[in-house]
Amino acid sequence: MDMNVAVIGAGMTRFGEFWNMSYRDLITEAGVKTIKDAGIEGTEIEALYVGSMTPGLFIEQEHIGALVADNSGLQGIPATRVEAACASGGLALREAYLSIKAGVADVVVAAGVEKMTDVSVEHATVALAGAGDQEWEAFHGATFPALYALMARRHMIEYGTTEEQMAMVAVKNHHNGSLNPNAQFKRQFKLEDVMSSAPVADPLKLLDCSPITDGAAAVILASEEKAKEMSDNPVWIRGSGQASDTLALHDRKSLCRVESAVRAANTAYKMAGVKAGDIDFAEVHDCFTIAELMAVESLGFCKAGEGGRLTEDGETALEGRIPVNASGGLKAKGHPVGATGVAQAVEATMQLRGDAGKRQVKDAQLGLTHNVGGSGATSVVHVFSREVK
Ligand code: COA
């Protein structure tokens, strides 16, 4: 497992509500941008992995691997759909990475796509609930906002986390999103806007939630030999970790510690030979504001229970000690579930190339992405670097 792997191309659509674009249009746009960015020919791509959570429920389409290959003019290559709820994109990235590590291919695409706004929000809520335990959670009415509300309440009880601290995540991420041309929301919010937004699942309010989004993203990965031949600005994947946990929240030892993310992060750190303190920026899975607080704890940026304080002290702001979600995160950039994990990799690539414009993290050398499925039953973490080692 000593083959180094690099990102040699990255691209995404804008995220948002696009009634004039189909699932196919989204994936085509992201694919074309990525191939152009890499400056290679489609014929050089040997395999593709695509993350898509539930196109069957959103647009009544399955067989996504073949659809994406067909639509991209890549008919003939192995094309595989990967599904792990909201971590589908992160897992597609990992599968593409592993296929190069295994020596099966040298140039592989990892893509992610979801078209969520063609159905009503009620329909989308039911589709998303499938990421949890249908029998023990969804059947009893536990939607995703409800599950994360339970986690938030428990975090508040155990650690004294406040609703204001959660709201600060939304204020920060909407600020960052206003600097990102690809973000769904460009509008900034004040703390009082978040605090007075409509209740969704107490204590979570509208502005604590990520939105319903359409979008697609893709990266092209290459083995070290090919990367050096094909690219003059590769970004290296130094570590990759994946872990699972119980599907249902109530089966966990703790409602507010995401054990799968802790494990995935430790695996990725170990593989990369780095520690949490070495990371310069992170794109984390803030599907709800409480999720970002739990993420920074899982990743070791602070101790368990101190995510609220870390945020309140401005440490996770763009100019802070460890900028988190410079892209605007799921909260403001948007959360087309299957695309999210790949879009995080696109952001990490842009940051490490120094191409992130107004939201550029200063002196970014080492970045991390953290993608979670369901309430934490799957986590996928990657460490990216400007240097190969
Ligand atoms: N953040 C910020 N603004 C949002 C938003 C969000 N999450 N969701 C909607 N808005 C805005 C809309 O743009 C709209 O603004 P406008 O009036 O200026 O046009 C307004 O809020 C109302 O939008 P609407 O479409 O009526 O919202 P909704 O009630 O249908 O949906 C949620 C709001 C929070 C229920 C929905 O976004 C949701 O379910 N989010 C969670 C998604 C989820 O669970 N993902 C999986 C995570 S694991």
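Asker: Summarise the overall build of the protein chain; cite the residues concerned and give the values.
Answerer: Broken down by element type, the protein chain carries 14 helices and eleven strands. The C-alpha atoms of the protein chain give a radius of gyration of 19 Å, which matches the 21 Å a tight globule of 389 residues would have. The principal-axis extent of the C-alpha atoms belonging to the protein chain is close to 55 × 45 × 40 Å. Scored against the burial criterion, the 389 residues of the protein chain give a buried share of 61%. When the accessible surface of the protein chain is summed, it comes to about 15,000 Å², and 51% of that surface belongs to carbon and sulfur atoms. Averaging the coordinates of the 35 positive side-chain charges in the protein chain and doing the same for the 50 negative ones gives two points 4 Å apart.

Asker: Explain the site of the ligand to me, using residue names and the numbers behind them.
Answerer: In the neighbourhood of the ligand, 14 residues make up the surrounding shell, with L206, L207, C209, S210 and K331 lying closest. The separation between a nitrogen atom of the ligand and a polar main-chain atom of C209 is 2.7 Å. For the ligand, a nitrogen atom lies 3.4 Å from a polar atom in the backbone of P211. For the ligand, whose accessible area on its own is 920 Å², the fraction buried by protein is 62%. In this structure, the ligand is accommodated by the largest pocket. Class assignment for the residues of the shell around the ligand results in twelve nonpolar, one polar and one charged.

Asker: Give a detailed account of the sheet that holds strand 1 (residues 5-12), specifying residues and quantitative values.
Answerer: The nine strands are arranged 3-2-4-7-1-8-11-10-9 in an open sheet whose pairing can be described as mixed. The open sheet has two edge strands with one neighbour each: strand 3 (79-82) and strand 9 (281-283). Direction aside, the axes of adjacent strands within the sheet are offset by 25 degrees on average. By the bridge criterion, eight bridges tie strand 10 (residues 366-373) to strand 11 (residues 378-385) in an arrangement that is antiparallel.

Asker: Mind laying out helix 10 (residues 259-272), listing which residues take part and the relevant values?
Answerer: Here helix 10 contains 14 residues, and its C-alpha end-to-end distance of 20 Å stays within 8% of the 20 Å for a straight helix at 1.5 Å per residue. Restricting attention to buried positions, one finds in helix 10 the residues S260, A261, V262, A264, A265, A268, Y269 and A272. Elements in contact with the buried residues of helix 10: strand 8 (235-244), helix 11 (289-298), strand 10 and strand 11. After helix 10 finishes, the residue G273 shows a positive phi value of roughly 70 degrees.

Asker: Break down the environment of E319 for me, with residues and values.
Answerer: Along the chain, E319 falls in the loop between helix 12 (307-312) and helix 13 (329-333). Along the chain, E319 and G241 lie 78 residues apart, while their C-alpha atoms are 27 Å from each other.

Asker: Could you give me a rundown of the packing of aromatic side chains, with the residues and numbers involved?
Answerer: Here the structure, examined in full by the defined rule, presents two aromatic pairs. Between F144 and Y148, the ring centres sit 6.4 Å apart and the planes meet at 40 degrees, which makes this aromatic pair tilted. In this pair, F144 and Y148 are both assigned in helix 6 (residues 144-159), four residues apart and thus about one turn of the helix distant. One aromatic cluster in this structure is built from F144, Y148 and F288.

Asker: Now, about the side chain of S99: what can you tell me, with residues and values included?
Answerer: Counting through the fold element by element, S99 comes out in helix 4 (residues 88-101). Note on S99: relative accessible area 8%, which makes it buried. Residues in contact with S99, not counting those within four places in the same chain, are Y49, V104, A105 and V108.

Asker: Quick one: what's the story with the pattern of salt bridges, residue by residue and with numbers?
Answerer: Applying the stated criterion to the full structure yields 18 salt bridges. A salt bridge links R353 to D37; the shortest N-O distance between them is 2.8 Å. With R353 in helix 14 (residues 337-353) and D37 in helix 1 (residues 23-38), this residue pair connects regions lying 316 residues apart in the sequence. Taken together, the shared-partner salt bridges in this structure form one network comprising K115, D118 and D214.

Asker: I'd love a proper account of the layout of surface pockets, names of residues and values included.
Answerer: Quantified by volume, the largest pocket comes out at close to 590 Å³. Looking at the largest pocket, it is lined by 26 residues, and the ones nearest its centre are C209, S210, P211, I212 and F288. When contributions to the lining of the largest pocket are tallied by element, the ones reaching two or more residues are helix 5 (121-129) and helix 6. When the residues that make up the lining of the largest pocket are grouped by side-chain class, the tally is 19 nonpolar, five polar and two charged. Each of domain 1 (5-120 + 212-235) and domain 2 (131-211 + 238-385) accounts for three or more of the residues forming the lining of the largest pocket.

Asker: Account for the pairing of strand 10, naming residues and giving values.
Answerer: Among the eight residues of strand 10, eight are classified as buried, and the element is accordingly described as predominantly covered. Residue alternation in strand 10 divides its side chains into two sets, L366, L368, H370 and V372 and G367, T369, N371 and G373, and both sets are buried. Two strands pair when backbone bridges link them, and strand 9 and strand 10 are joined in this way by three bridges, in the parallel orientation. Residue pairing across strands places F281 opposite G367, the latter belonging to strand 10. Hairpin connection of strand 10 to strand 11: four residues between the antiparallel strands, including G374 at a positive phi of 65 degrees.

Asker: Go over the pairing of strand 2 (residues 47-51) with me, naming the residues and quoting the values.
Answerer: If a strand is regular, its side chains alternate between the two faces of the sheet. Within strand 2, five of the five residues are buried, which leaves the element mostly enclosed by the surrounding structure. With burial as the criterion, each face of strand 2 is covered, one bearing A47, Y49 and G51 and the other bearing L48 and V50. Across five bridges, strand 2 lies against strand 4 (residues 107-115) in parallel orientation. Within strand 4, the position partnered with Y49 by the bridge is A110. Judged from the four bridges that link them, strand 2 and strand 3 form a sheet pairing that is parallel.

Calculation rules
- Residues numbered from 1 in each chain as written.
- Predicted model: local features only at pLDDT ≥ 70, side-chain atom pairs only at ≥ 80, totals over all residues.
- Heavy atoms only, no water.
- Helix = DSSP H or I, 4+ residues; strand = E, 2+ residues; numbered from the N terminus.
- Rg over C-alpha atoms; globule rule 2.2 N^0.38 Å.
- Buried < 20%, exposed > 50% of the residue type's maximum accessible area, 1.4 Å probe, protein only.
- Areas by Shrake-Rupley, 256 points an atom, 1.4 Å probe, with all protein chains shown as cover.
- Lys, Arg positive; Asp, Glu negative; His and termini not counted.
- Charge placed at Lys NZ, Arg CZ, Asp CG, Glu CD.
- Near = heavy atom within 4 Å.
- Polar contact = N/O pair within 3.5 Å; in protein donor to acceptor, adjacent residues only side chain to side chain.
- 1 Å grid on protein atoms, 1.4 Å probe; cavity = no way out; pocket = protein on both sides within 12 Å on 5 of 7 lines; lining within 4 Å.
- Sits in = over half its atoms within 2 Å of the grid points.
- Nonpolar A, V, L, I, M, F, W, Y, C, P; charged D, E, K, R; others polar.
- Pairing = 2+ DSSP bridges.
- Axes fitted to C-alpha atoms, helices over the stretch in contact; angles between N-to-C directions.
- Expected span 1.5 Å × (residues − 1).
- Contact = heavy atoms within 4.5 Å.
- Phe/Tyr/Trp six-rings, centres within 6.5 Å; stacked < 30°, edge-to-face > 60°.
- Salt bridge = Lys/Arg side-chain N within 4 Å of Asp/Glu carboxyl O.
- Points joined across faces, edges and corners; volume = space filled by probe spheres on them.
- Domains from an automatic or database assignment.

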